Amino acid sequence: MPATPVTVAPPADLASRLMQIGQGHVFAAYERLNQEERASLIAQVRGIDLDAVPELVESYVKRKPGFALPPDVRPAPYYPNDSKSPVRAWDRGAADAKGRELINAGRVACFTVAGGQGTRLGYDGPKGCYPAGAVTRKPLFQMFAEQILAWSKRSGRIVPWYIMTSPLNHDATIAFMNEHGYFGLSREAVMCFPQGVLPSFDMATGRMLIASPSEIATNPDGHGGSITALHKSGAIADMKRRGITTLSYFQVDNATVRVIDPVFIGLHASAPDSSAEMSSKMIPKAYAEEKLGLFCSCSGRTEVIEYSDLPMELQREREPDGSLRFLAGSIAVHVMGVEFVERLATDAKFSLPFHRAEKKVACVDPATGARVEPTMANCVKLERFVFDALPMCRASIVYETDRVEEFAPIKNASGTDSPDSCTKLQTERAARWLKSVGVDVARNEAGEPECVLEIDPATALEPADLKNAKLPTKIERGAKLVI
Ligand code: UTP
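In this report, the structure presented in the accompanying data block is examined.

Reading guide: rules and limits
- Residues numbered from 1 in each chain as written.
- Predicted model: local features only at pLDDT ≥ 70, side-chain atom pairs only at ≥ 80, totals over all residues.
- Heavy atoms only, no water.
- Buried < 20%, exposed > 50% of the residue type's maximum accessible area, 1.4 Å probe, protein only.
- Helix = DSSP H or I, 4+ residues; strand = E, 2+ residues; numbered from the N terminus.
- Arc of directions from axis to C-beta.
- Contact = heavy atoms within 4.5 Å.
- Near = heavy atom within 4 Å.
- Polar contact = N/O pair within 3.5 Å; in protein donor to acceptor, adjacent residues only side chain to side chain.
- Areas by Shrake-Rupley, 256 points an atom, 1.4 Å probe, with all protein chains shown as cover.
- Nonpolar A, V, L, I, M, F, W, Y, C, P; charged D, E, K, R; others polar.
- Axes fitted to C-alpha atoms, helices over the stretch in contact; angles between N-to-C directions.
- Parallel < 35°, antiparallel > 145°, perpendicular 65-115°, else oblique.
- Left-handed = near helix turned anticlockwise from the far one by under 90°.

## As for helix α8 (residues 235-242)
- Where α8 is concerned, the buried positions are Ala 235, Ile 236, Asp 238 and Met 239. Angular distribution of buried residues about the axis of α8 spans 160 degrees; they occupy a single face of the element.
- Elements that come into contact with the buried residues of α8 comprise β3 (161-165), β4 (190-194), α7 (226-232), β10 (246-251) and α11 (338-346).
- Where α8 ends, the next residue or the one after it, Gly 243, has phi of about 80 degrees, a positive value.

Written out as structure tokens, the structure reads:
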């Protein structure tokens, strides 16, 4: 489209459309802007789906959509971590072999969602740059890159890595990757692409918040925005060109995630009750009130219901053996079929629902241009969640994993899911792997390792790899060690 000529008055078509939908304030400061700022504001407004705004405001900003609990909600079945479990026995060896076959045939790529704003952590920069290695303090991106590199070496195949950023952190992510030489990965094997954004709305009025006189405040459209972004960015086309059929999906803040898990990939691809469209990993919830979304089955479809939406009396229900009935907590690790993602992204009838979050967002008063620093939530942010694609699958399986093995998220600056808890979990996992090959790790009376440990992905991607490594026989109290 040819650029709109930048005139003293805002373009009439846009100005009148904004007025019609109650968003006329967007051009309040237009006349005071310079040429460049005007052009940038016009381009931003043209990039927003203005026709969708009134409905969003009515349904999600002025009202809080309620959650209708499906009447037949029950816990989703899952493949237990112990494949010999009497609850459900399955063939781990066959799943592992199938997964490795796909990896070795170059059919598997990694996909990281890294477009979030990371407001809880309060880190200045993309979260993937956060120094998370327990000992080395290597950044999260490096922790994943090194695993991908190790898988590439093992399979003799390029394992492409797709990273979804947002317009707010895309340039910083690319600059970081360049600065670090893509952590040894081939530049051609890594594709970073930004997700979409949505306007952030004033909670009281439903008007789009103004970030500066020449900019509407926006927020990334949620990890669910990945479905559209994978398609629009050309990532899906790139996957098809490379013969990729299967995406290993994980979040940027989970330091111990297995970026590729052959067993999980194999189950997704070949379990009799899997459609190979989208599968999920779960961990057993530690206690009923734990804030994890829950895998449920509703009318035969697998769904994640947020902990805040599932009534607490259901979350507290127990089986006769004392275990929680709704046990399967989501850790946002999935395997997705490329065809499935493409189908969703190109189907005009498909859209993921929005979720509403109330946030405190600094902005400017459109009339006066004065800066507003709110003291309480003033903004409604709308996001899509990727797990809402699960019920769109013909069938979708859930696989149990272990918290210590692969769930060490960094969400908060301190306390739960923080850099500290992440370091402890990395150490605990390393100690466990070392014990499995006969290395003794000093522990205190509470059973916690009295050291800090980190396993280099070049040494081991799974415990069995340690059998070939040169290891100490004992790790003493106070040690800080990279294995
Ligand atoms: P979170 O829900 O933890 O959100 O994202 P966040 O934005 O990173 O952090 P807070 O809530 O502001 O503190 C979970 C994962 O989804 C990605 C994040 O980067 C993280 O990997 N994500 C989230 C996106 O890629 N895009 C989004 O719009 C939101």
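Next comes the rest of the account.
## Thoughts on the site of the ligand
- Lining the immediate environment of the ligand, one finds 19 residues, of which Val 113, Gly 115, Thr 119, Gln 195 and Lys 411 sit closest.
- Residue Gly 118 places a main-chain N or O atom 3.3 Å away from an oxygen atom belonging to the ligand.
- Take Val 252: an N or O atom from its main chain is 3.0 Å from an oxygen atom of the ligand.
- Here the ligand, which alone exposes 560 Å², has 91% of that area covered by the protein.
- Considering only residue class, the shell around the ligand consists of five nonpolar, nine polar and five charged.

## Focus: the environment of Ile 236
- Relative to the helices and strands, Ile 236 is located in helix α8.
- Its relative accessible area of 1% is what places Ile 236 among the buried residues.
- Taking the C-alpha atoms as reference, Ile 236 lies 28 Å from Val 53; in sequence the two are 183 residues apart.
- Leave out the neighbours within four places in its chain, and Ile 236 touches Leu 230, His 231, Val 338, Val 341 and Glu 342.

## Here we look at the packing of helix α1 (residues 12-20) against helix α2 (residues 35-47)
- At a closest axis distance of 11 Å, the pairing of α1 and α2 adopts a crossing angle of 55 degrees. Judged on the interaxial angle alone, α2 and α1 are oblique. Considering how the two elements wind past one another, α1 and α2 form a crossing that is left-handed. Two secondary-structure elements touch here, α1 through Asp 13, Leu 14 and Leu 18 and α2 through Ile 42, Val 45 and Arg 46.

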